[in-house]
Amino acid sequence: MTTGTFEDPPRAARTPGDDLVVAGVSKRFGGVPALLDVSLTVRAGTVHALIGENGAGKSTLGKIISGVLTPDEGSVSLGGEELALRSPRDALAKGIVTIAQELAIVPGLTVAENVYLGAEAQHVGFVRRREARRRFRELAERVGFRLSPDWLAGQLTTADQQKVEIMRALSRDASIVIMDEPTAALAEHETSALHAIIRSLARQGKSVILVSHFLSEVLALADEITTLRDGRVIRSVAATDATEETLIEGMLGRSLGAAFPEKTPPPADAEVVLSVEGLVAPGVRDCSLEVRRGEIVGIAGLVGAGRSELARAIFRDTRVQRGSVRLAGRDLGGRGPHHSIERGLALIPESRKEMGLLVGRSVKENVSLSRLDLVSRLGWVSGTRERRAVASLLQRTTVKVTSLRQTVSMLSGGNQQKILFARAVMCGPRVLLADEPTRGVDVGSKRAIYDLIVEMAREGMGVVVISSELEEVLGLAHRVLVMRQGRIVAELEGAAMNQQAVLAAAFSETSDNEHQGV
Amino acid sequence: MSATDQLEAPPGGVGRGDSGGPMTRLLKSWRLAGIFIPFVILFVVLSIASAPFLHTANLINILDQQASYLDIAAAGTLVLVAGGIDLSVGATYGLTTVIAGELALHGQPVLAIVLAVAAGLLVGLVNGLIVTVLRINPLIATLATSFVIAGAALKVTSGNLVVLSATSSFFRFANAQFLTIPSAVWMSAAFVAVLALLLARTTFGRHVVAAGGNAEAARLAGVRVNLIRVVTFVISGGAAGLGGAIDTSRLLSAQAGSGGSQLAFTVLAGIVVGGTSIAGGEGSVVRTAIGVLFIALIGNGFNLLGVDPLYQQIVLGLLLIAAVALDVWARRRRR
Ligand SMILES: Nc1ncnc2c1ncn2[C@@H]1O[C@H](COP(=O)(O)OP(=O)(O)OP(=O)(O)O)[C@@H](O)[C@H]1O
Ligand SMILES: [Mg+2]
């Protein structure tokens, strides 16, 4: 079955013609407005996109529509009836489901259990395993994802966890589906599968509210696009009347120019700062690479090709079975991340919530964690020095916070990502390993991060950029390595460094790979 | 403020608002007040209800009795914040009292104190290594070691009570008066202050918080999570040893069975009532000290007012539930 024939589950509550109307909604967090007098209409059977900078209020609006938050002022109504939602469960009962930006997976449960979480009650208290599995298989086939129902969700990659979330939302009979950056972690072919699903949902008379930073995606999918800036609606326009330029203009209040800064490749005789030889580690098979001073090396490949595993092995976070890593000519040794950081290696990990942030702690503590030695004497942290250092880093990385003591969980997703970047910059590394450095970051801030990477490279840092966004890899890197099944299968430079060549290298023999995986 | 505005803002711009939003500030002060306000209320009520309560002798006596508990609870706070738990402190305390007692009995007052603390540190080290190297859940690990330690303590004294005389110089260790306050109180106050600063103001403290808040993230950020955890257990063991030495000198007797699970649980109760989260990642030594004293005040008040001690336990239990409920509520608010 193809994704094009995505059919309604039999029990679907079909109520076409019900428009969702958001009227005059305001929401403040501790006096700071996140939304101000927001009004918009999501017509049934359409895809309505929400765009805006990090912290513009997109997720907050999504949470209000789905009952996670209650508005301070204004109302949300469906088909003329006002919804006074108190909880996500209320919203579910009204046919509103959400795929949240910050994944909510139960790591100790299997994929199938996660998908049907909260919906198993129909089985009179007992979870009917076989029944659940059959339903799961049907769903997986309709959706076009390859996932085994029995895997533990906690052991999946971020992308696969995202798929679990999507399947969970689609397993409910929803008339309104809110997707908050659903494709941020997906690979290209998975993204197109999801796009097909979104289109078919709309065709069935359901509404999709799509939050995304990918403007091409927004333009291709949406019927109507609403732009938010600083919590206000700038405008709602039909997608046919918009271009990337006008959207960026609306989001930022200015135009952006080129998406990527100009490349300045290092001189040919620049010294090698990172050299990896014959590295063998979990998920990494015999990888060798070199990075020179001032060079930006991109690593492309499908999700699961071993890119993150390679980064973590170089960083000595995972046990290396064979091979060597040399930093500025000296063997790095395998004493773990703290030692790697001391020697001048920094890693921005792929999953900010699990591997990056102390979500319950302040912005300040999160940024300075790796280099407290810079702002302390004899182990005593100097408050003033720390504040000064963190404040200037936040500016360089364009993080938007109301206070340095603000808890990280209160920041928008993109700003959380930038906190990790600020931490890595504070490390002052010789070599930066950036794994999906701009996941969930808005276009304007992306450019700011690119500028920062390029600037640091120009000052002599070596950079390894791993990204599922091919454009990002090609736009930034001086040289691209393509990985497949734990190996580096191609090295592309100059004219050979283009989309076709990368995809050809990344995809060859993948059918083989997929049989192994499932 | 948009990202571009902020780029142009002066360097001090972001730091200015460092005091936190009104909401966070309120929540923070509320959490600190959480134990402080009931403490003050209880103090006032007892002052009114019982004349002897406010006597200096009674107040000093409370502090003197709580000296070892304050030490052990302050250290236990670090363990909890780092994501562990130490149930073996009661047994360690018992072991170190008999070590101190036996040595003092044989005319070795200095050695008594040194070896008691050293034994505590050693137990802490073993606990820490079991938890980090063998990767055994700290609750189980320290539960298990507490049996071993209790057995060893019985072996030292063959189960007998050690009784010391007030003429020995060892007596002065905890009972020397300075400004009418006994040295036991001074020592525990100093110990609590040092640990409070250690947790709140040093890089070590930040690493403790990080290790308990998100171990994986902390490790990738360069925190030596296992080392930090071991150190917190070592501090906790050392505190139990110090507490054991203090109480042996204070009470002039030592018994293998003193301390035990009663002490471990009372200390844990003080920490939790003080608002330190059992889930790790946050907590405060000062609040723990107030928590311990709060529980002590309840006991003292019940004694002075002649209420059946039975009710004391019930009140303590209800209090614990209230404290944990408050913690859960505060966490929910923050999300
Ligand atoms: N629970 C909260 N407490 C306090 N402030 C919050 C909370 N949730 C969001 N905010 C603030 O509200 C504003 C809007 O956040 P929101 O998450 O809606 O942004 P967003 O548009 O989804 O951004 P992104 O593109 O980065 O995901 C931000 O300034 C954020 O810091
Ligand atoms: Mg968001």
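It should be emphasised that the depicted structure is a prediction, and the values quoted were computed from it without experimental measurement.

## What to know about the sheet that holds strand S1 (residues 20-29) of chain A
All names here are of chain A. With antiparallel pairing, the four strands of this open sheet are ordered in space as S2-S1-S4-S5. Each end of this open sheet is capped by a strand with a single partner; those strands are strand S2 (32-42) and strand S5 (81-83). In this sheet, adjacent strand axes meet at a mean angle of 30° when their direction is disregarded. Relative to S2, S1 is paired through seven bridges, and the arrangement is antiparallel. Bridged to Val 22 within S2 is Leu 40. Sitting on the sheet, helix H1 (residues 58-65) is in contact with S1, S2 and strand S4 (73-78), with an inclination near 120° to S1.

## As for the domain arrangement of chain A
Residues and elements named next belong to chain A. Looking at chain A, the domain boundaries give domain 1 (20-95 + 175-257), domain 2 (103-172) and domain 3 (272-507). Domain 1 and domain 2 are separated by 25 Å when their C-alpha centres are compared. On the side of domain 2, ten residues touch domain 1, which itself brings eleven residues to the contact. Carbon and sulfur atoms supply 72% of the area that domain 1 and domain 2 bury against each other, a total of about 900 Å² over both sides. Contact with domain 2 buries surface across domain 1, with Ala 185, Glu 190 and Ile 197 losing the most and accounting together for 40% of the total. At the junction of domain 1 with domain 2, the criterion picks out zero residue pairs in polar contact (both at pLDDT 80 or more). Those elements that provide at least two residues to the side of domain 1 that touches domain 2 are helix H2 (88-93) and helix H6 (188-203). Ranked by residues supplied to the side of domain 1 that touches domain 2, first place goes to H6 with five residues. Grouping the amino acids of the side of domain 1 that touches domain 2 by side-chain chemistry returns eight nonpolar, no polar and three charged.

## Let's talk about the environment of Thr 142 of chain B
Residue and element names in this part refer to chain B. Here Thr 142 shows up in helix H7 (residues 138-157). When the C-alpha atoms of Thr 142 and Ile 35 are compared, they prove to be 28 Å apart, with 107 residues separating the residues in sequence. Not counting the four nearest positions on each side in its chain, Thr 142 is found in contact with Ile 85, Asp 86, Leu 87, Ser 88, Asn 127 and Phe 233.

Definitions and limits used
- Residues numbered from 1 in each chain as written.
- Chains lettered and ligands numbered in written order.
- Predicted model: local features only at pLDDT ≥ 70, side-chain atom pairs only at ≥ 80, totals over all residues.
- Heavy atoms only, no water.
- Pairing = 2+ DSSP bridges.
- Helix = DSSP H or I, 4+ residues; strand = E, 2+ residues; numbered from the N terminus.
- Axes fitted to C-alpha atoms, helices over the stretch in contact; angles between N-to-C directions.
- Contact = heavy atoms within 4.5 Å.
- Domains from an automatic or database assignment.
- Buried area = accessible area lost by both parts, 1.4 Å probe.
- Polar contact = N/O pair within 3.5 Å; in protein donor to acceptor, adjacent residues only side chain to side chain.
- Nonpolar A, V, L, I, M, F, W, Y, C, P; charged D, E, K, R; others polar.

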